[in-house]
Amino acid sequence: MSRTVRRMWTPIAVLLVALVLATFAGSAAAGESLTGVRYWTAPDHTRIVVDLTGYASCSTRILTDPNRVVVLIESADAGDVPRTTAVDDGIIQRVRVNQLESGAQVVLDLERVFEHNVFSLKPYLGKPHRIVIDVFSDVAPRISDPVIRDEGSVATRVIIIDPGHGGEDPGTLGNGVLVEKEVVLDMGQRVARLLSARPGYDVRMTRNGDYFVSLRKRKQLAQTWSGDIFISIHGNSAPNRRASGTEVFYVSPRGASDQAARELADRENAADLVGGVSPDADNDVLSILVDLKMGSNVQKSNHLATMISSRIVSAGLGRCCVKQAGFVVLKSLSMPSVLVEVGFLSNRHDVDKLKRSEYRQEYAECLVQVIEDYFACYAPPPAMSNDTHIVAIGETLWSIARRYDISVENLREMNGLPEDVTIKIGQVLSVEKS
C-alpha cells in the first residue's frame, strides 16, 4: 500500500518542486525596473538620464542607417516609462524604450553620428541608481569662444557669471515653492542683461539654461575666458529656519570661517556627485591645490565680497555677512572670485522675497552697481602696445613676468630696475622679448 502511494505521488511531487523552482528562478532572473527617462540639452551635449530601482549593468553599441546609440540594460524591466520621448534638439531626435527578453533597451535616434559616453551613478542625496548617456555636439558652441577685448581707450571688462547647479542637480528646494537652480539662473541672467547693456563689458555665463555643468568645467570656462571677476550665484539653506539674508563667500586656502560655512562648502562641493560626473573624468575636482599666485586675488575677492555686503544692506535687501570657505569653484582661479548665497531657501521670508520678480531685479541691480564700483577701484590695465605694460593694482614683477613668459631677472634688466625697487601703479614697463 505505501509503495503504491509513493508511486502515485511521485509525479505530483516532481511537478510541485518544478513549479517552485521555476518561481524562484523567475524571481532571481527578474532585474531592476526603469522608473524614469529624462533629458537636458546643454550647448555642447545632450544628456539622457535613465532612473532605476537598483543597480543594473548595461552594454552599448552604435548602429547606422539610421544612426542610433543602443543601450541594453541587462535583465531590467522597462516598467511604465514612456516608450517614446521626443527630444529634437539637433543632436538627438527621440529616445525609445523597448522591452526585450534580455532586458530593457534604450535607443537614442541621432541626427547623425556623434561621440557619446555612457556611465552608471550610485544613489546620492535622494537620487536613485541612474544610467547617464551623454551625446556630444560636433559643433563648437559659443560657450567656448575666446574673449576679444576692445582696442579702444576703454578696456573691456570680462565678467563671468556662474549660476549654480542645473539639470540633474536642482540644488536646494525652497519650502516646496522655489528650486535653487531656477532662482539663481534667473538672477544671473538679469545681471548679465544689465551689464551687457552698458559699454565696456563682455559678460559670459557658465550656464544659460537648465543643464548640468561640472565644477571643473565651470573653472575651465572662467580660465579660458580670462575673466576679470567671477561671481557664482547660489541659494542657501540651514537647519535653523530662522537663518536668513545674504552670505558672500571668498575662497579660503586654510579653511572655513565657521562650522556652518564648512558644511555649506561641503554641500556645494558635492554638486558633481548630484549632477553626475563620469567616473572617467579627472578626479581633481575634490582635491584642488590653491595656486601660489592667489594672494593678490584673495585680497581683491575679500574687497569685492565686502562691497557686495555693504550694497545689499544699504539697499534694504536684508542682512548680509562676509565669510570664507573652501569652495571648489573658487579655488585656483586667476581672478577675483566670490560666491553669493542670495538668500535662505529654508526661510519662508527669504522665499517670499525671492519669489518676487521686482526683488530679483533690485538684487541684480545691486550686484551690477557693485561691479561698476569695483572697477572704479581696480580698473584693468589700459590698452597697451605689444612691447609695453602698464602696472595695475595688485600686480608684481613676478606676475607681470609670468604673463609675458619672461624671467623676473630679464624684466628687471630691460627696465633698469634694482632688486629692491617697488613698482608703482601706472608705471610703464618694457616687456619686449629680445
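Here the structure is a predicted model, which is why all the values come from computation and not from measurement.

## Regarding the nonpolar core
The nonpolar side chains of soluble globular proteins are, as a tendency, buried together.
Okay, so step 1: One finds Ile308, Val338 and Tyr363 to be the most contacted residues of the largest nonpolar core, which totals 43 residues.
Okay, so step 2: Considering each element in turn, this core owes the most residues, 10 residues, to helix α8 (residues 357-377).
Okay, so step 3: Val37, Val87, Ile131 and Val135 belong to the second largest nonpolar core, which has 25 residues in total.

## Digging into the packing of aromatic side chains
Two descriptors summarise a pair of aromatic rings, namely the distance from one centre to the other and the angle between the planes of the rings.
Okay, so step 1: This model, assessed by the stated rule, comprises 3 aromatic pairs.
Okay, so step 2: Connected via pairs of aromatic rings, a cluster forms that spans Tyr201, Tyr374 and Phe375.
Okay, so step 3: Just above the ring of Tyr201 sits the side chain of Arg157; from NZ or CZ to the centre is 5.9 Å.

## Topic: the pairing of strand β4 (residues 68-74)
Okay, so step 1: Within β4, 5 of the 7 residues are buried, which leaves the element mostly enclosed by the surrounding structure.
Okay, so step 2: In the sheet, strand β3 (residues 58-63) pairs with β4 via 6 bridges, with the strands oriented antiparallel. Across the sheet, residue Ile62 finds its bridge partner in β4, namely Val69.
Okay, so step 3: In textbook terms, the turn of a hairpin is the stretch between consecutive antiparallel strands, and for β3 and β4 this stretch comprises 4 residues, one of which, Asp65, has a positive phi near 55°.
Okay, so step 4: Sheet analysis places β4 next to strand β7 (residues 103-110), joined by 7 bridges and oriented antiparallel. Looking at the pairing, Ile73 lines up with Ala104 of β7.

## Notes on the confidence of the model for the protein chain
Okay, so step 1: Averaged over all residues, the pLDDT of the protein chain equals 79, while 73% of them reach at least 70.
Okay, so step 2: Throughout residues 140-144 the model reports pLDDT below 50, and contacts reaching past four residues in sequence, or to other chains, amount to 9 contacts.
Okay, so step 3: Counted against residues more than four places away or in other chains, residues 281-293, with its pLDDT under 50, gives 20 contacts.

## Here we look at the environment of Tyr201
Okay, so step 1: Here Tyr201 is to be found in strand β13 (residues 201-205).
Okay, so step 2: Overall, the relative accessible area of 12% leaves Tyr201 in the buried class.
Okay, so step 3: Sequence separation between Tyr201 and Val158 is 43 residues; the distance between their C-alpha atoms is 6.0 Å.
Okay, so step 4: Ignoring sequence-local partners within four residues, the contact set of Tyr201 consists of Thr156, Arg157, Ile159, Leu195, Ile371, Glu372 and Phe375.
Okay, so step 5: Only 2.7 Å separates the side chain of Tyr201 from the side chain of Glu372, close enough to count as a polar contact.

## Focus: the pattern of salt bridges
Okay, so step 1: Within this structure, the stated rule accounts for 17 salt bridges.
Okay, so step 2: With a closest N to O distance of 2.7 Å, Arg38 and Asp51 form a salt bridge. Of the two residues, Arg38 sits in strand β1 (residues 34-41) while Asp51 sits in strand β2 (residues 45-52), which places them 13 residues apart along the sequence.
Okay, so step 3: We classify Arg38 as partly exposed; its relative accessible area is 25%.
Okay, so step 4: We note a salt bridge from Lys323 to Glu247, for which the minimum N-O separation is 3.1 Å. Of the two residues, Lys323 sits in strand β16 (residues 320-325) while Glu247 sits in strand β15 (residues 246-251), which places them 76 residues apart along the sequence.
Okay, so step 5: By relative accessible area, Lys323 is classed as buried at 13%.

## A look at the state of the cysteines
The bond known as a disulfide is covalent and runs between the sulfur atoms of two cysteines.
Okay, so step 1: Under the definition given, this model contains 0 disulfides.
Okay, so step 2: Between Cys321, a free cysteine, and Cys320, which holds the nearest cysteine sulfur, the sulfur-to-sulfur gap is 6.2 Å.
Okay, so step 3: Overall, the relative accessible area of 30% leaves Cys321 in the partly exposed class.

## Quick look at the sheet that holds β4
Okay, so step 1: Reading across the sheet, the 5 strands line up as β3-β4-β7-β6-β5 and stay open at both edges, with antiparallel pairing between neighbours. One side of each edge strand has no neighbouring strand; the edge strands of this open sheet are β3 and β5 (84-86). When the angles between neighbouring strand axes are averaged without regard to direction, this sheet yields 15°.

## Description of helix α3 (residues 215-224)
Okay, so step 1: Of all the positions in α3, only Leu215, Arg218, Lys219, Leu221 and Ala222 are classed as buried. Burial along α3 is one-sided: seen end-on, the buried residues are contained in an arc of 160°.
Okay, so step 2: Where α3 terminates, the next one or two residues include Ser226, which has phi positive at roughly 50°.

## Section: the environment of Glu247
Okay, so step 1: On the basis of relative accessible area, Glu247 is assigned to the buried category, the value being 11%.
Okay, so step 2: Sequence spacing of Glu247 and Ser309 is 62 residues, and the spatial spacing of their C-alpha atoms is 7.9 Å.
Okay, so step 3: Among the polar contacts made by the side chain of Glu247, one reaches the side chain of Asn236 at a distance of 3.0 Å.

## Quick look at the packing of helix α2 (residues 180-196) against α8
Okay, so step 1: At a closest axis distance of 9 Å, the pairing of α2 and α8 adopts a crossing angle of 50°. Considering the angle they form, α2 stands oblique to α8. Judged by the sense of rotation from one axis to the other, the crossing of α2 with α8 is right-handed. Contact residues: α2 offers Val183, Asp186, Met187, Arg190, Val191, Leu194 and Leu195, while α8 offers Ser357, Arg360, Gln361, Tyr363, Ala364, Glu365, Leu367, Val368 and Ile371.
Okay, so step 2: Classifying every residue of the contact of α2 with α8 gives 10 nonpolar, 2 polar and 4 charged.

Reading the values: the criteria
- Residues numbered from 1 in each chain as written.
- Predicted model: local features only at pLDDT ≥ 70, side-chain atom pairs only at ≥ 80, totals over all residues.
- Heavy atoms only, no water.
- Core = buried A, V, L, I, M, F, W, Y, C linked by side-chain atoms within 4.5 Å.
- Buried < 20%, exposed > 50% of the residue type's maximum accessible area, 1.4 Å probe, protein only.
- Helix = DSSP H or I, 4+ residues; strand = E, 2+ residues; numbered from the N terminus.
- Phe/Tyr/Trp six-rings, centres within 6.5 Å; stacked < 30°, edge-to-face > 60°.
- Lys NZ or Arg CZ within 6 Å of the ring centre and 35° of its normal.
- Pairing = 2+ DSSP bridges.
- pLDDT = per-residue confidence, 0-100.
- Contact = heavy atoms within 4.5 Å.
- Polar contact = N/O pair within 3.5 Å; in protein donor to acceptor, adjacent residues only side chain to side chain.
- Salt bridge = Lys/Arg side-chain N within 4 Å of Asp/Glu carboxyl O.
- Disulfide = S-S within 2.5 Å.
- Axes fitted to C-alpha atoms, helices over the stretch in contact; angles between N-to-C directions.
- Arc of directions from axis to C-beta.
- Parallel < 35°, antiparallel > 145°, perpendicular 65-115°, else oblique.
- Left-handed = near helix turned anticlockwise from the far one by under 90°.
- Nonpolar A, V, L, I, M, F, W, Y, C, P; charged D, E, K, R; others polar.

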